[in-house]
Amino acid sequence: MHTQPIARSLAALLLLAGCATAPTTPTVSRPADTVALSNALNRITWGVNNTTYQQAEKMGYERWLDQQLRPGTAVLPAAAQAQIDALTISQKSMPQLVEELENQRRDYDKAMADDEAKKAAQRAYQQELNRLAKEAATRSLLRDLYSPNQLQEQMTWFWMNHFNVHQGKANLRVLVSDYEDTAIRPHALGKFRDLLSATLHHPAMIRYLDNEQNAANRINENYAREIMELHTMGVDSGYTQNDVQQLARILTGVGVNLTDKMPNVRKDKQEQYVRKGLFEFNPNRHDYGDKVFLGQTVKGRGLAEVNEALDRLCRHPATARYVSRKLAIYFVADEPPQSLVERMAAQFQATDGDIAAVLRVMFTSPEFTQSLGSKFKDPVHYVVSAVRLTYDDKIILNTSPMLNWLNRMAEPLYGRQTPDGYPLTQSGWASPGQMTTRFEIAKAIGSGAAGLFKSEGTQPVEKPAFPQLANALYYQSLQKSLAPATRQALEQAASPQEWNTLFLSSPELMNR
């Protein structure tokens with residue numbers, strides 16, 4: 001690869017530093033403009049590329065947006081789908097994988113007297129959990145890169161972050177793939193109530209926030225508190241500590257059963273017992289007393305209390321405002337206009353929490369159009385958008401470099417330890433260290449030496465693909481949004497590799 005002069009590298013880093021202040025992309029008003037269209041696509045998708053731009057231009061922006069908001073079944077390119085189909089998580093169900101791993105864990109706990117053998121078995125168990133978690137992240141990235149349902153994939157990441165679970169706890173590494181695939185993705189553009197319920201019934205959420213430890217006379221408030229503070233109403237929205245305690249009582253008995261055995265439920269409550277997959281509602285552990293939640297009585301009657309509480313939370317005006325504001329932070333601005341948030345919240349309430357309908361209000365607003373090109377990319381948006389733009393429909397063979405970059409920038413998939421999720425604002429990601437790492441990533445991608453097209457394993461396959469960034473999309477649209485300083489830096493590039501690096505590390509490529 002061409003060695004860059006130090007001065008030029010420093011100049012590129014100075015360009016990067018500029019992205020932490022004011023955006024350089026001009027404000028646009030009409031999606032029909034080439035720059036406006038590419039900017040809108042860049043915001044709504046995981047990053048504009050030539051294929052997406054041509055599709056939207058051919059269909060018309062309004063029809064393309066309709067298709068994104070109400071997508072059909074995603075058909076990925078065959079080479080990408082083949083990689084997904086080959087994964088263990090695609091071939092075995094979550095209960096089957098959990099059973100196999102639980103058997104493996106029990107075997108080394110009970111049968112092995114030799115300490116070294118037990119340690120080796122424990123390492124093998126942990127390695128298998130790590131492998132399955134990596135498969136989940138690989139599948140997620142392949143969908144982000146190549147799914148035609150780009151908005152659905154963006155919203156899947158958004159909701160995974162909103163309803164965050166940390167893969168490092170217990171056996172969540174074997175649960176996160178199913179959590180994303182069955183609890184989040186199918187509801188990402190549907191009704192918020194269905195989404196909230198799906199997360200509540202999934203063992204990943206139950207285990208992460210300790211609700212399997214929540215029982216009558218032994219209350220654990222963790223999950224109840226986060227449902228109210230982070231998932232629905234938001235902090236300072238008017239609920240009290242007593243509401244948290246009452247919701248925790250409502251949630252008693254909601255847990256996980258990793259075995260194939262049913263608990264010995266007392267006879268008068270056997271009809272109340274519920275088992276779906278690994279989810280379990282155990283009446284023996286439920287507090288059947290009446291509760292007063294958000295000012296209204298909830299009659300003690302088992303799992304039906306949970307549904308009543310979820311209805312109340314999802315229809316509360318504070319939830320409409322909280323969720324709408326968070327969506328506006330993600331898609332519009334770190335401090336979104338209050339008037340936009342109120343219009344979105346009104347639509348949320350009018351449609352009983354129809355996520356796609358709320359997004360349509362936002363995407364068709366003047367505030368959205370005026371914000372295009374100015375939303376700073378967090379690490380996952382930077383990495384995915386850079387690969388999409390650079391390689392378009394060429395299917396990568398290895399996601400490991402992308403996963404490593406996300407680890408380096410402190411935003412690994414399923415890696416946020418606290419339930420609040422990763423920050424969605426520029427202040428969380430625009431440090432000098434982050435910018436230096438992005439420059440190094442740009443250099444790796446721009447040189448074609450990132451390892452994305454070399455498979456892993458004992459007999460790796462390599463299909464080199466040199467980046468072609470100076471393409472039709474660049475000359476039709478992207479070039480027009482570049483500041484004079486960026487154009488000047490690109491004109492001085494001494495090689496195609498250096499041009500690619502400077503372009504991918506420019507301030508404009510830090511924004512969406």
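Above this note sits the structure.
Our subject in this report is the structure included herewith. (Residues numbered from 1 in each chain as written. Predicted model: local features only at pLDDT ≥ 70, side-chain atom pairs only at ≥ 80, totals over all residues. Heavy atoms only, no water.)

**What to know about the overall build of the protein**
How we decide: Strands are runs of DSSP state E lasting at least 2 residues, helices are runs of H or I lasting at least 4, and numbering of each runs from the N terminus. Atoms counted for the radius of gyration: C-alpha only. Globule rule: 2.2 Å times the number of residues to the power 0.38. Burial classification: accessible surface area is computed with a 1.4 Å probe over protein chains only, and a residue below 20% of its type maximum counts as buried, one above 50% as exposed, and the rest as partly exposed.
The helix and strand inventory of the protein stands at 25 helices and five strands. By the compact-globule yardstick of 24 Å for 512 residues, the protein fits well, its C-alpha radius of gyration being 24 Å. Dimensions along the principal axes, computed over C-alpha positions, put the protein at roughly 80 × 60 × 40 Å. Taking all 512 residues of the protein together, the buried fraction comes to 56%.

**Remarks on the pattern of salt bridges**
For the record, the criterion: What makes a salt bridge here is a side-chain nitrogen of Lys or Arg within 4 Å of a carboxyl oxygen of Asp or Glu, nothing more.
Summed over all chains, the structure comprises 28 salt bridges. Of the charged contacts, one joins Asp311 and Arg193 as a salt bridge, the two residues approaching to 2.7 Å between their closest N and O atoms. Of the two residues, Asp311 is situated in helix H15 (residues 304-314) and Arg193 in helix H11 (residues 192-200); the sequence distance between them amounts to 118 residues. Assessed through its relative accessible area of 17%, Arg193 is described here as buried. Where Glu221 meets Arg225, a salt bridge forms, and the shortest distance between an N and an O atom there is 2.7 Å. Overall, Arg225 belongs to the partly exposed group, its relative accessible area being 26%. Each of Arg143, Glu153, Glu180, Asp181 and Arg185 takes part in one network of salt bridges that share partners.

**Remarks on the packing of helix H20 (residues 379-391) against helix H21 (residues 400-408)**
Short version of the rule: For helices, the fitted line uses only the C-alpha atoms of the stretch in contact; every axis is such a line through C-alpha atoms, and the angle between N-to-C directions lies from 0 to 180 degrees. In this scheme, roughly parallel covers angles under 35 degrees and roughly antiparallel covers those over 145, while 65 to 115 is roughly perpendicular and the rest are oblique. If you view the pair so one helix is near and one far, a crossing is left-handed when the near helix is turned anticlockwise from the far one by less than a right angle, and right-handed when it is turned clockwise. Residues are treated as being in contact if the distance between any of their heavy atoms lies within 4.5 Å. Polar here means any residue other than Ala, Val, Leu, Ile, Met, Phe, Trp, Tyr, Cys and Pro, which are nonpolar, and Asp, Glu, Lys and Arg, which are charged; Gly is therefore polar.
For the pair H20 and H21, interaxial distance at closest approach is 9 Å and the crossing angle is 150°. By the angle between their directions, the pair H20 and H21 is classed as roughly antiparallel. With respect to the hand of their crossing, H20 and H21 are arranged in right-handed fashion. Across the interface between the two elements, Pro379, Val380, Val383, Val384 and Val387 from H20 touch Met402, Trp405 and Leu406 from H21. Looking at the contact of H20 with H21 residue by residue, the class counts come to eight nonpolar, no polar and no charged.

**A look at the nonpolar core**
The condition is simple: Nine residue types can take part in a nonpolar core, namely buried Ala, Val, Leu, Ile, Met, Phe, Trp, Tyr and Cys, and a core is a set of them joined through side-chain atoms within 4.5 Å.
Core analysis: the largest hydrophobic core is formed by 149 residues, its most contacted members being Met155, Trp159 and Leu359. No other element matches helix H8 (residues 115-146), which puts 10 residues into this core. Residues within four places of Met155 in sequence aside, it is in contact with Ala188, Leu189, Leu327, Phe331, Ile355 and Leu359.

**Here's the deal with unusual backbone geometry**
Trans is the common state for peptide bonds, and a negative phi is the common state for residues other than glycine. The phi dihedral of Asp210 falls on the positive side, at around 65°, and the residue is not glycine. Assessed through its relative accessible area of 12%, Asp210 is described here as buried. Located in the positive-phi region is Ala410, a residue other than glycine, with phi close to 65°. By the secondary structure assignment, Ala410 is in the loop between H21 and helix H22 (432-447). In this structure Ala410 comes out as partly exposed when scored by relative accessible area, which is 45%.

**So, the sheet that holds strand E1 (residues 254-256)**
Basically, it comes down to this: At least two bridges found by DSSP between two strands is the condition for calling them paired.
Taken together, three strands build an open sheet; the order of strands is E1-E3-E2 and the sheet is antiparallel. Either end of the sheet is taken by a strand with one partner, and the two such strands are E1 and strand E2 (274-276). Averaged over all pairs of adjacent strands, the angle between strand axes in this sheet comes to 20°, irrespective of strand direction. Taken together, the three bridges between E1 and strand E3 (residues 279-281) define a ladder with antiparallel strand orientation. Directly across from Val256, in E3, lies its bridge partner Phe279.

**Structural notes on the environment of Val361**
Tracing the sequence through the fold places Val361 in helix H18 (residues 355-363). Apart from the residues within four sequence positions on either side, Val361 is in contact with Arg343, Met344 and Gln347.

**Comments concerning helix H3 (residues 50-59)**
Rules: In this description, the arc belongs to the directions extending from the helix axis to the C-beta atoms.
Those residues of H3 that sit buried are Asn50, Thr52, Tyr53 and Ala56. Buried residues along H3 cover an arc of 165° about the axis, so they all sit on one side. Residues of H3 that are buried in the fold lie against helix H2 (34-44), helix H4 (61-69), H20 and helix H23 (472-476). At the exit of H3 stands Gly60, carrying a positive phi of roughly 95°.

**Notes on the packing of H2 against H3**
Running from N to C, H2 and H3 point in directions that differ by 115°, and their axes come no closer than 10 Å. As H2 packs across H3, the resulting crossing turns out to be right-handed. Contacts between H2 and H3 involve Thr34, Leu37, Ser38 and Leu41 on the former and, on the latter, Thr52, Tyr53, Ala56 and Glu57. When the residues that make up the contact of H2 with H3 are grouped by side-chain class, the tally is four nonpolar, three polar and one charged.

**Brief notes about the side chain of Thr45**
Applied cut-off: Polar contacts, as used here, are pairs of N or O atoms within 3.5 Å; protein pairs need one atom able to donate a hydrogen and one able to accept it. Residues neighboring in sequence count only if both atoms are side-chain atoms.
Mapped onto the secondary structure, Thr45 falls in the loop between H2 and H3. Judged by relative accessible area, which is 0%, Thr45 ranks as buried. A polar side-chain atom of Thr45 sits 2.6 Å from the main-chain carbonyl oxygen of Leu41. Looking at Thr45, its side chain comes within polar contact range of the main-chain nitrogen of Gly47, at 2.9 Å. Apart from residues lying up to four places away in sequence, Thr45 is in contact with Thr52, Trp64, Gln150, Gln154 and Arg388.

Nothing here speaks to function; it is all geometry.
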